[in-house]
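Breakdown of the fold
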Amino acid sequence: MNVEKAERIKKKLKESSVGIAGLGGLGSNAAVALARAGIGRLVLVDFDKVEESNLTRQYYFIDQIGKNKVDALKENIEKINPKVKIEIINQKLLKGSMEEPFKDVDVVIESLDSAETKATFIEEILTKLPDKPIVAASGVAGYGHSDRIATKRLGKLYMCYDEDAHSSDDDVLMAPRVAIMANWEANLALEIILGEDK
Amino acid sequence: MSIEVNGKKVDWVENETVTQLLKRMRYIFPLVVVKIDDKVVLKKDFSEVVVPDNSKVAVIHMISGG
């Protein structure tokens, strides 16, 4: 192992923060990946409760059904890396003030579910917090076709993107592909924070 | 007299709005992020903003799932 590189990364991540909008398949898995990597602070935003149907792909457990996702995910992360500072916001993001919880983080991860909310959220972050890097995902549904996923960069917007995927309304959401996209988002967040790995 | 849309070179049409361009390109997805020369165009302005000659337009559509 490159000890010097590891120390440099550890220090930089410890003083960095990521905000996550939506704690479903994308958000819960991205949060756990970043916690394991050693991120200093996470701002977790969701208004939902854990349901049995979530367990097919989201980072929750059977005994957490009925709990607020923000509380359940905080519990799970604390069991993995108690050093992460976790701020939880148990509320729905409303059009017009969606950027509010994310003013103070280094990178925003969009991990919402409906296409419409995703588009609205991205637009609000890009216009109200123009200097804030935002990582978003589109096209997570289905299985296979890992190679169709690519990163598309538009200024401060980093899209984890499969334009040929179907909408989840007409398709299935399955753990492997959702987790690939979630970790892709977390990996992009690391790259933004640490700079390109050369 | 041309513009670039998602990397594709297409003719520039005078006074064409974002809404008209999306229609011409057959981008029928209702939900998109549009940037012209790296500036975000708000959805509410799609029918008013005119696409300038030589501009680079990026259209990204959102697909549900998260």
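Our subject is the structure listed above.
An account of the accompanying structure is given in this report.

Conventions we followed
Residues numbered from 1 in each chain as written. Chains lettered and ligands numbered in written order. Predicted model: local features only at pLDDT ≥ 70, side-chain atom pairs only at ≥ 80, totals over all residues. Heavy atoms only, no water. Helix = DSSP H or I, 4+ residues; strand = E, 2+ residues; numbered from the N terminus. Rg over C-alpha atoms; globule rule 2.2 N^0.38 Å. Buried < 20%, exposed > 50% of the residue type's maximum accessible area, 1.4 Å probe, protein only. Contact = heavy atoms within 4.5 Å. Areas by Shrake-Rupley, 256 points an atom, 1.4 Å probe, with all protein chains shown as cover. Lys, Arg positive; Asp, Glu negative; His and termini not counted. Charge placed at Lys NZ, Arg CZ, Asp CG, Glu CD. Phe/Tyr/Trp six-rings, centres within 6.5 Å; stacked < 30°, edge-to-face > 60°. Buried area = accessible area lost by both parts, 1.4 Å probe. Salt bridge = Lys/Arg side-chain N within 4 Å of Asp/Glu carboxyl O. Polar contact = N/O pair within 3.5 Å; in protein donor to acceptor, adjacent residues only side chain to side chain. Nonpolar A, V, L, I, M, F, W, Y, C, P; charged D, E, K, R; others polar. Pairing = 2+ DSSP bridges. Axes fitted to C-alpha atoms, helices over the stretch in contact; angles between N-to-C directions. Expected span 1.5 Å × (residues − 1). Right-handed = clockwise from strand over helix to strand, strands pointing away.

**So, the overall build of chain B**
Along its length, chain B carries one helix and five strands. Along its sequence from the N terminus, chain B presents helices and strands in the succession β-β-α-β-β-β. For 66 residues, the compact-globule estimate of 2.2 N^0.38 gives 11 Å, and the C-alpha radius of gyration of chain B, at 11 Å, lies within 12% of that figure. Seen along its three principal axes, the alpha-carbon backbone of chain B occupies a region of about 40 × 25 × 20 Å. Burial statistics for chain B: of 66 residues in total, 47% are counted as buried.

**Comments concerning the overall build of chain A**
Summing up its helical and strand segments, chain A has five helices and seven strands in all. Put simply, chain A runs from its N terminus to its C terminus through helices and strands in the order α-β-α-β-α-β-β-α-β-β-β-α. A compact globule built from 198 residues would reach a C-alpha radius of gyration of about 16 Å, and chain A, at 16 Å, matches this within 12%. By principal-axis analysis of the C-alpha atoms, chain A measures approximately 50 × 40 × 35 Å. Relative to all contacts within chain A whose residues are 6 or more apart in sequence, the contacts with residues 24 or more apart total 67%. Counting only carbon and sulfur atoms, one obtains 49% of the accessible surface of chain A, whose full area is about 9,800 Å². Counting 28 positive and 33 negative side-chain charges, chain A places the averaged centre of each group 6 Å from the other.

**Concerning the environment of A:Gly139**
Tracing the sequence through the fold places A:Gly139 in the loop between strand E5 (134-138) and strand E6 (150-154). For the pair A:Gly139 and A:Asp162, spaced 23 residues apart in sequence, the C-alpha separation works out to 4.9 Å.

**Regarding the packing of aromatic side chains**
Residue and element names in this part refer to chain A. In this structure the tally under the stated criterion is two aromatic pairs over all chains. Both rings, one in Tyr 59 and one in Phe 61, keep their centres 6.2 Å apart while their planes meet at 85 degrees; by these two values the pair is edge-to-face. Residue Tyr 59 is classed as partly exposed on the basis of its relative accessible area of 24%. Residue Phe 61 is classed as partly exposed on the basis of its relative accessible area, which comes to 43%.

**As for the interface of chain B and chain A**
In this assembly, 16 residues from chain B lie in contact with 34 residues from chain A. Buried surface at the junction of chain B and chain A, summed over both partners, amounts to about 2,100 Å²; 65% is from carbon and sulfur atoms. Looking at the side of chain B facing chain A, the largest losses of area belong to B:Ile63, B:Ser64 and B:Gly66, adding up to 32% of the total buried there. Inspection of the region where chain B meets chain A yields zero salt bridges. In this assembly, chain B and chain A are joined by 12 residue pairs in polar contact (both at pLDDT 80 or more). Of all the secondary structure elements, the ones that give two or more residues to the side of chain B that touches chain A are strand E3 (32-36), strand E4 (39-41) and strand E5 (56-61) of chain B. Sorting elements by how many residues they give to the side of chain B that touches chain A places E5(B) first, with three residues. Of the residues in the side of chain B that touches chain A, the class split is nine nonpolar, four polar and three charged.

**Quick word on the side chain of A:Lys69**
Residues and elements named next belong to chain A. With respect to the element layout, Lys 69 can be found in helix H3 (residues 69-80). Buried within the structure, Lys 69 lacks any salt-bridge partner; its nearest side chain of opposite charge belongs to Asp 48, at an N-O separation of 4.2 Å. If near-sequence neighbours (up to four positions away) are discounted, Lys 69 is found in contact with Leu 23, Gly 24, Asp 46, Asp 48, Lys 49, Val 50, Asn 54, Gln 58 and Tyr 60.

**Overview of the sheet that holds strand E2 (residues 41-45) of chain A**
Residue and element names in this part refer to chain A. Reading across from one edge, E3-E2-E1-E4-E5-E7-E6 is the order of the seven strands in this open sheet, with mixed pairing throughout. Because the sheet does not close on itself, it has two edges, and the strands there are strand E3 (85-89) and E6. Sheet twist, expressed as the average angle between the axes of neighbouring strands with direction ignored, equals 20 degrees. Taken together, the four bridges between strand E1 (residues 17-21) and strand E4 (residues 107-110) define a ladder with parallel strand orientation. Looking across to E4, one finds that Val 18 is bridged to Val 107. Where helix H5 (residues 175-194) meets the sheet, it contacts E1, E4, E5, E6 and strand E7 (157-161), and its direction lies at approximately 160 degrees from that of E5.

**A look at helix H1 (residues 3-14) of chain A**
In this model H1(A) runs 16 Å from its N-terminal to its C-terminal C-alpha over 12 residues, within 8% of the 16 Å that 1.5 Å per residue would give. Burial runs low along H1(A): only one of the 12 residues are buried.

**Considerations on the pairing of E3(A)**
Residues and elements named next belong to chain A. The sheet contact formed by E2 and E3 spans five bridges and is parallel. Across the sheet, Val 43 pairs through a bridge with Glu 87, a residue of E3. Chirality of the crossover, the property in question, places the unit of E2, H3 and E3 among those that are right-handed.

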